Amino acid sequence: MDFLAARKALLHRPKGAHWPIVLAGLVITLLLALVHLLRVDCCTFLDGRLYDTRVRAALFAPPPAAPPGPLLVDIDERSLARFGQWPWPRDRIARLLERINDGSPASVSVDIVFAEPDRTSWSVSRAAFEQEYNIRVDLSGVPAHLLDHDATLARALAGGPFVLAYGFAFNGAGDNLSWCPGQPVAALATTSPTEASVSSRLFAADSAVCSIEVLSRAAPAAGFINVTPDDDGVLRRLPLVIAHRGQLYPNLALQTVLQAGGHTQVRLRTGRGGHLEGLDLDGRSVPLDDRGQLLIRLHPHSPPLERVGADEVLVRLHPHGPPLDRVSAGEVLDGHIPPERFAGRIVLVGTTAMGLEAHHTSPLGSLVPGIAMQAAVIDNLQHGRFFSTP
């Protein structure tokens with residue numbers, strides 16, 4: 001039998017024998033179409049569980065050789081017991097920032113929004129006494145820094161590498177002010193896409209909630225603190241950029257890293273159709289999805305904690321790894337933390353106290369304060385620890 005005869009014999013099918021093949025193809029096509037239609041409930045769930053598995057698998061990875069990550073100055077329960085309930089007078093916040101700045105940190109992220117004037121300023125209290133009780137209070141001889149705590153904090157912010165937090169709002173829930181939300185990030189595109197194509201899938205904010213003007217203008221930089229939990233309530237990713245007024249704005253962690261490196265711009269990496277795929281930062285390729293979100297890698301080998309007091313609650317990003325590298329804000333104010341502790345470090349100022357800070361469910365099922373997630377993103381950006389988007 002020659003080649004052509006053998007080929008004809010192999011390809012020959014009895015009459016009607018091709019229908020099972022066609023039927024199988026139709027069934028597979030319908031199943032794929034059904035999976036596509038149910039991707040919100042099915043594929044998204046599987047995608048999230050795949051990420052959770054990768055986070056757990058990282059627990060068994062060998063510790064990398066890397067410099068120290070970010071340091072958290074925590075306004076914790078111990079600090080509140082020492083200096084009083086929250087909110088603190090802003091001259092106290094100013095003293096805290098000045099003590100940190102004395103150590104020459106690379107960058108200091110302030111994860112607090114001061115949306116209203118400080119009512120503990122003596123000048124504000126005097127006005128309240130006059131309005132409520134018709135009592136005139138003589139403040140002659142009172143030191144200037146006690147008269148206006150906001151002005152005191154503004155001077156502290158202007159004197160160091162501080163990054164102030166703000167929140168973007170959607171559906172008109174915030175304010176539209178000329179000084180809010182501050183400076184956008186200069187974004188250079190590697191494939192020269194149109195601005196519209198890059199931002200078409202990004203979260204688009206129409207307003208923002210910022211600190212009062214005197215503080216927003218004083219801070220050298222600012223970054224948003226919006227989070228985007230998945231449908232199951234687990235926080236697996238954070239947006240690094242959000243579109244607003246036709247420009248791109250950086251999140252708090254990204255802006256803090258930019259500030260530490262002296263950068264004012266990032267280079268966007270785009271794919272087919274101009275959709276965002278990532279950004280380049282300090283020679284590192286940072287993978288993002290087309291909404292500008294980074295999958296957070298909760299690394300199990302973050303720097304060990306040097307505790308200030310054995311009775312404090314430890315904050316861990318995972319159940320078996322070391323806690324965050326942090327110190328108590330009260331200890332900093334009392335002068336018990338040497339300035340050298342902050343030298344050249346990225347520092348975050350915020351709170352892990354329950355009730356003062358939003359806590360989120362991590363991929364490992366534990367509740368983690370929002371500032372700890374910002375710290376994890378900073379660690380990812382500093383050391384190039386990333387999960388690619390599935």
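See the structure printed just above.
Residues numbered from 1 in each chain as written. Predicted model: local features only at pLDDT ≥ 70, side-chain atom pairs only at ≥ 80, totals over all residues. Heavy atoms only, no water.

### Looking at the overall build of the protein chain
Along the backbone of the protein chain there are 13 helices and 18 strands. Counting only residues that meet the buried cut, the protein chain has 46% of its 390 residues in that class. Within the protein chain, residue pairs in contact and separated by at least 24 positions form 76% of the contacts whose partners lie at least 6 positions apart. Carbon and sulfur atoms provide 57% of the accessible area of the protein chain, an area that totals close to 19,700 Å². (Helix = DSSP H or I, 4+ residues; strand = E, 2+ residues; numbered from the N terminus. Buried < 20%, exposed > 50% of the residue type's maximum accessible area, 1.4 Å probe, protein only. Contact = heavy atoms within 4.5 Å. Areas by Shrake-Rupley, 256 points an atom, 1.4 Å probe, with all protein chains shown as cover.)

### A few points about the packing of aromatic side chains
Enumeration according to the criterion identifies five aromatic pairs in this entry. Centroid distance Trp86 to Trp88: 5.8 Å. Interplanar angle 50°. Geometry classified as tilted. Look at Trp88 and you get buried, because its relative accessible area is 3%. Between Phe168 and Phe224 the ring centres are 5.6 Å apart and the planes differ by 50°, which places this aromatic pair in the tilted class. Remark: Phe224 occurs in strand β7 (residues 221–224) and Phe168 occurs in strand β3 (residues 162–169); sequence separation between them is 56 residues. For Phe224, a relative accessible area of 0% translates into the label buried. Here the aromatic residues Tyr166, Phe168, Phe224 and Tyr249 are joined through ring pairs into a cluster of three or more. When the ring centre of Phe83 is taken as origin, the NZ or CZ atom of Arg82, which lies over that ring, is 4.4 Å away. In this structure, Arg92 is placed above the aromatic ring of Trp88, and the distance from its NZ or CZ to the ring centre is 5.6 Å. (Phe/Tyr/Trp six-rings, centres within 6.5 Å; stacked < 30°, edge-to-face > 60°. Lys NZ or Arg CZ within 6 Å of the ring centre and 35° of its normal.)

### Concerning the sheet that holds strand β10 (residues 247–250)
One key point about sheets: their strands pair by backbone hydrogen bonds, in either a parallel or an antiparallel sense. Strand order in the open sheet made by the three strands is β5-β9-β10, with mixed pairing throughout. The open sheet terminates on both sides in strands that have one partner only, identified here as β5 (204–205) and β10. (Pairing = 2+ DSSP bridges.)

### Description of the state of the cysteines
For the structure on display, the rule yields one disulfide. Across the disulfide from Cys180 sits Cys210; the S-S distance is 1.9 Å. Residues Cys180 and Cys210 are joined by a disulfide whose S-S torsion is about 75°; by sign, that bridge is right-handed. With Cys180 in the loop between β3 and β4 (186–189) and Cys210 in the loop between β6 (207–209) and α10 (213–218), this pair connects stretches of sequence that are 30 residues apart. (Disulfide = S-S within 2.5 Å.)

### As for a nonpolar patch on the surface
Residues Leu23, Val27 and Leu31 make up a contiguous nonpolar surface patch of roughly 280 Å² in combined accessible area. Assignment of secondary structure puts Val27 in helix α2 (residues 19–37). (Patch = residues over 30% accessible without salt bridge, like charges linked within 9 Å, V, L, I, M, F, W, Y side chains within 5 Å. Salt bridge = Lys/Arg side-chain N within 4 Å of Asp/Glu carboxyl O.)

### Description of the packing of helix α5 (residues 90–101) against helix α8 (residues 149–158)
Between α5 and α8, whose axes approach to 8 Å, the crossing angle comes to 15°. Judged on the interaxial angle alone, α8 and α5 are roughly parallel. Here α5 runs over α8; the crossing is left-handed. Contact residues: Arg90, Asp91, Ile93, Ala94, Leu97 and Glu98 in α5; His149, Asp150, Thr152, Leu153, Ala156 and Leu157 in α8. Tallied by class, residues from the contact of α5 with α8 come to six nonpolar, two polar and four charged. (Axes fitted to C-alpha atoms, helices over the stretch in contact; angles between N-to-C directions. Parallel < 35°, antiparallel > 145°, perpendicular 65-115°, else oblique. Left-handed = near helix turned anticlockwise from the far one by under 90°. Nonpolar A, V, L, I, M, F, W, Y, C, P; charged D, E, K, R; others polar.)

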